[in-house]
Amino acid sequence: MTALLDQLRTAPRSVLSRIPLPGVAGEDDDIRRPLPVSGMLAAVWTLGVGLAVLTTLTLVGWIAAPRDALGPGLPGVFRTAAQLWLAAHHAGFAIPGGSIGLIPLGLMVLPAFLLYRAGIWMARDADLRLRLPARLPKNSPKDEANARRRAQLVLIGQAGVSLAAPYALLAGGIALVARNEITQPFIGDVLVSHLSLAFLAGSLATVRAIGPWRSMLRLLPERVRSVVVGTAAAVGIMLAGGAVLVLGALAVSFGQIRELTEVLSPGFVGGLLLLLGQGLYLLNAFVWGMSYIAGPGFAVGTGTLIAPTGVQLGTVPSLPLLGALPEAGPTPPWIMAVIAVPFMAGAVGGVLLVRVAPSPSYEGAPLWGFVCGAATGCVAGLLAALSGGSLGGARLAVMGPAAWEVMLSVTLETGVAAGISAGLANWWLIFRGQNTAVTRAAAKVGTATAPVRKAGAKLARAAGSVAGRAGLAEQDRPRALPGHWLDATECDTQPIPVIRDDWEDEHASAVTENPAKLRRREPPRPPRRDIVDETDDKGGHVIYLDPYAWDRD
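Residues numbered from 1 in each chain as written. Predicted model: local features only at pLDDT ≥ 70, side-chain atom pairs only at ≥ 80, totals over all residues. Heavy atoms only, no water.

*Asks:* Help me out: how do you make sense of the overall build of the protein chain in this one?
*Replies:* In terms of helices and strands, the protein chain carries 17 helices and eight strands. Counting the 553 residues in the protein chain, one finds 33% classified as buried. When contacts within the protein chain are restricted to residue pairs at least 6 apart in sequence, those whose partners lie at least 24 apart make up 73%. On the protein chain, roughly 34,300 Å² of surface is accessible, and the fraction owed to carbon and sulfur atoms is 65%. (Helix = DSSP H or I, 4+ residues; strand = E, 2+ residues; numbered from the N terminus. Buried < 20%, exposed > 50% of the residue type's maximum accessible area, 1.4 Å probe, protein only. Contact = heavy atoms within 4.5 Å. Areas by Shrake-Rupley, 256 points an atom, 1.4 Å probe, with all protein chains shown as cover.)

Right, here's the structure in full:
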């Protein structure tokens, strides 16, 4: 490493000037490493640093513990560190008479952090910013944005695979080396766990290298983004509730936990390692607390159950952390109030879902709210499966919550609450009528259904013309409206009645019947300028209105 730094420090400026800077396109693309090569280097660096850290901790424990506890000499120390590294990725082990699957979730923090840092280095080393497409379709801004989003997602997937594939292969080789007569890692678990964790961490690191954190969710479509935000909020609230429950139980039962620690008498170094191990299992306890407030609860052995409805205990492992378990028997009635937490989480998730992507219709938001609840249930079931497992055979074969029970309970609880809250929040946004997001969504729906409506109108006109030619359609006659013709609206008016030629004036008929009364012909009156219109087409009286009468008086 020192020689490499010296070469870079003493390199000619002409060579250094050819190295492309982030965000600046160079003329020579051969300077960049291929993405698979950068991924291989990042995977090797992650494995080396991780094994070095765990080997150091294992060596400290080997010095404090008896010499034959971790195997013969330093090879046994290295095998133990390799097995811890595999367990940090949640890979199970087979032992005589059973298996070990209850892996502390806290161990996953170390490889996840190292993989994330390695992914950022890989993205910068391969200069992924310059790999974005320079030529995009020029149809419309929307098509250009969609093409850019698809290109970014493809690039993120390629980066994740470039890091995950060599990382999983190297982990498979370590699993073969770490086998011994007592513990044998499952090769399938090793490959799947390392591949999944490396792909997730590498993808997130690539997104962070391409743009800021705020751009991560914008790569997803609007509806998918709303479900992701609602699901994350609901899961976070439930995990926070489980953490508060576990920490409260630890504070109340601190005396009993201290007594169990004194019974073990681990010593100073052993006490530090015991505290570290229990701290790593604390994340598992938070997930178990989430399963408790969801209703199904969890088990600490075959035939045991810790749930809000009651507690059944037997012989449990002598781990000081388990001293916070409640006593066997019925639980107080107020404990059932913890079941309200999943409903609160679902309500918050439904409101956030509508805030991100409201629905233009009343019935669409509750359905998407239930989808958010179903996604929350799947995530909760996955966490329950990862937090539990077995610690051998016999009574310790069942440890932790049942994944399918947690998934079903959380789906129903958060799904119903999210559907109701999403429907109410969406109704409020539509009722206000001033929300730009709702207007945008309604415009999208109208634009999407415009071809269907136009096709329906054309079909209706064609059917009407065919029926008219066949004589099956009625003639288009003006529909008579109730009341006077002046009461009609602008969109549905009747023709103004026209005076017929055979209409007779009642005054003219009266003059014809009594001609003797007409002694002399009156002179014509001068036209009045103050009358605008004196037409009377109804044969009645005409009311003359002088608007300037007040001025003459």
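*Asks:* Whenever I open this one, a nonpolar patch on the surface confuses me. Can you help?
*Replies:* A surface patch of nonpolar side chains, about 690 Å² in accessible area, is lined by Val53, Leu57, Val60, Phe268, Val269, Leu272, Leu273 and Leu276. Sorting the residues of the nonpolar patch by element identifies α3 (35-64) and α10 (267-280) as the ones contributing at least two each. The element that contributes the greatest number of residues to the nonpolar patch is α10, accounting for five residues. Looking at where Phe268 falls in the secondary structure, it is placed in helix α10. The class for Phe268 is exposed, based on a relative accessible area of 67%. (Patch = residues over 30% accessible without salt bridge, like charges linked within 9 Å, V, L, I, M, F, W, Y side chains within 5 Å. Salt bridge = Lys/Arg side-chain N within 4 Å of Asp/Glu carboxyl O.)

*Asks:* When you look at the confidence of the model for the protein chain in this model, what are you seeing that I'm missing?
*Replies:* Keep in mind that low pLDDT regions are not for reading the predicted coordinates in detail. Averaged over every residue, the pLDDT of the protein chain is 75; residues scoring 70 or more account for 68%. Counted against residues more than four places away or in other chains, residues 1-30, with its pLDDT under 50, gives 16 contacts. The low-confidence segment residues 471-492 (pLDDT under 50) makes 13 contacts with residues lying over four places distant or belonging to another chain. (pLDDT = per-residue confidence, 0-100.)

*Asks:* How do you make sense of the sheet that holds strand β3 (residues 184-185) when you look at a structure like this?
*Replies:* Paired through backbone hydrogen bonds, the strands of a sheet run either parallel or antiparallel to each other. Across the sheet, which stays open at both edges, the four strands sit in the order β3-β1-β2-β7 with antiparallel pairing between neighbours. Strand pairing shows two members of the sheet lacking a second neighbour, β3 and β7 (391-392), which therefore form its edges. Summarising the sheet, strand β2 (residues 98-100) and β7 pair through two bridges and their orientation is antiparallel. Each bridged residue has a counterpart across the sheet, and for Ser99 the counterpart in β7 is Gly392. (Pairing = 2+ DSSP bridges.)

*Asks:* Got a minute to help me understand helix α11 (residues 282-294) in this structure?
*Replies:* Given 3.6 residues to a turn, an α-helix orients residues that are three or four positions apart in the same direction. In a regular helix each residue adds 1.5 Å, so 13 residues correspond to 18 Å; α11 covers 19 Å between its end C-alpha atoms and thus fits that length. Burial analysis of α11 places eleven of its 13 residues in the buried class, which makes it a mostly covered element. Asn284, Ala285, Phe286, Val287, Trp288, Gly289, Met290, Ser291, Tyr292, Ile293 and Ala294 are the residues of α11 that are buried. Taken from the residues just after α11, Gly295 is the one with a positive phi, measuring 125 degrees. (Expected span 1.5 Å × (residues − 1).)

*Asks:* Looking at this structure, I do not really get the nonpolar core. What am I missing?
*Replies:* The nonpolar side chains of a soluble globular protein tend to be buried with one another. Among the nonpolar cores identified, the biggest contains 39 residues, and Trp85, Leu115, Leu128 and Tyr167 are the most heavily contacted of them. Mapped by element, the contributors of at least two residues to this core are α3, α4 (73-88), α5 (109-125), α6 (141-177) and α7 (187-210). It is α6 that contributes the most residues to this core, nine residues altogether. Filtering out sequence-adjacent residues up to four positions away, Leu128 remains in contact with Leu35, Ala123, Leu155, Ala159 and Thr206. Of all hydrophobic cores here, the second largest spans 14 residues; its members include Tyr292, Phe298, Ile335 and Ile339. (Core = buried A, V, L, I, M, F, W, Y, C linked by side-chain atoms within 4.5 Å.)

*Asks:* I would appreciate a short explanation of unusual backbone geometry in the present structure.
*Replies:* Most peptide bonds adopt trans geometry, and most residues besides glycine take a negative phi value. Even without a glycine there, the phi angle at His90 is positive, about 65 degrees. With relative accessibility at 18%, the residue His90 sits in the buried group.

*Asks:* It is not clear to me how the pattern of salt bridges should be interpreted in this structure. Could you clarify?
*Replies:* Overall, the coordinates contain one salt bridge when judged by the stated rule. Linking Arg258 and Glu262 is a salt bridge whose minimum nitrogen-to-oxygen distance equals 3.7 Å. Linking Arg258 with Glu262, this pair stays in helix α9 (residues 254-264), spanning four residues, or about one helical turn.

*Asks:* Help me understand the side chain of Gln278 in this model?
*Replies:* Relative to the assigned elements, Gln278 resides in helix α10. A polar contact of 2.8 Å, which involves the side chain of Gln278, links it to the backbone nitrogen of Leu321. (Polar contact = N/O pair within 3.5 Å; in protein donor to acceptor, adjacent residues only side chain to side chain.)

*Asks:* What am I meant to see in the packing of α5 against α7 here?
*Replies:* Helix packing for two helices is described by the angle between their axes and how far apart those axes are. Their axes nearest at 8 Å, the elements α5 and α7 cross at an angle of 45 degrees. One element, α5, and the other, α7, form an angle in the oblique class. α5 and α7 meet at a crossing whose hand is right-handed. Contacts between α5 and α7 pair Pro111, Ala112, Leu115, Tyr116, Gly119, Ile120, Met122 and Ala123 from the former with Leu197, Ala198, Ala201, Leu204, Ala205, Thr206, Arg208 and Ala209 from the latter. (Axes fitted to C-alpha atoms, helices over the stretch in contact; angles between N-to-C directions. Parallel < 35°, antiparallel > 145°, perpendicular 65-115°, else oblique. Left-handed = near helix turned anticlockwise from the far one by under 90°.)

*Asks:* Please clarify how the packing of helix α12 (residues 340-356) against helix α13 (residues 364-387) should be interpreted in this entry.
*Replies:* At a minimum axis distance of 9 Å, the contact between α12 and α13 shows a crossing angle of 125 degrees. Classified by the angle their axes make, α12 and α13 are oblique. Considering only the axes of α12 and α13, their crossing is right-handed. Seen from α12, the contacting residues are Gly349, Leu353 and Val354; seen from α13, they are Ala365, Trp368, Gly369 and Cys372. Split by residue class, the contact of α12 with α13 holds five nonpolar, two polar and no charged. (Nonpolar A, V, L, I, M, F, W, Y, C, P; charged D, E, K, R; others polar.)

*Asks:* I keep staring at the environment of Pro75 and nothing clicks. Help me out?
*Replies:* Along the polypeptide, Pro75 turns up in helix α4. The partly exposed category is assigned to Pro75, whose relative accessible area is 47%. Placed 103 residues apart in sequence, Pro75 and Ala178 show a C-alpha to C-alpha distance of 9.7 Å.

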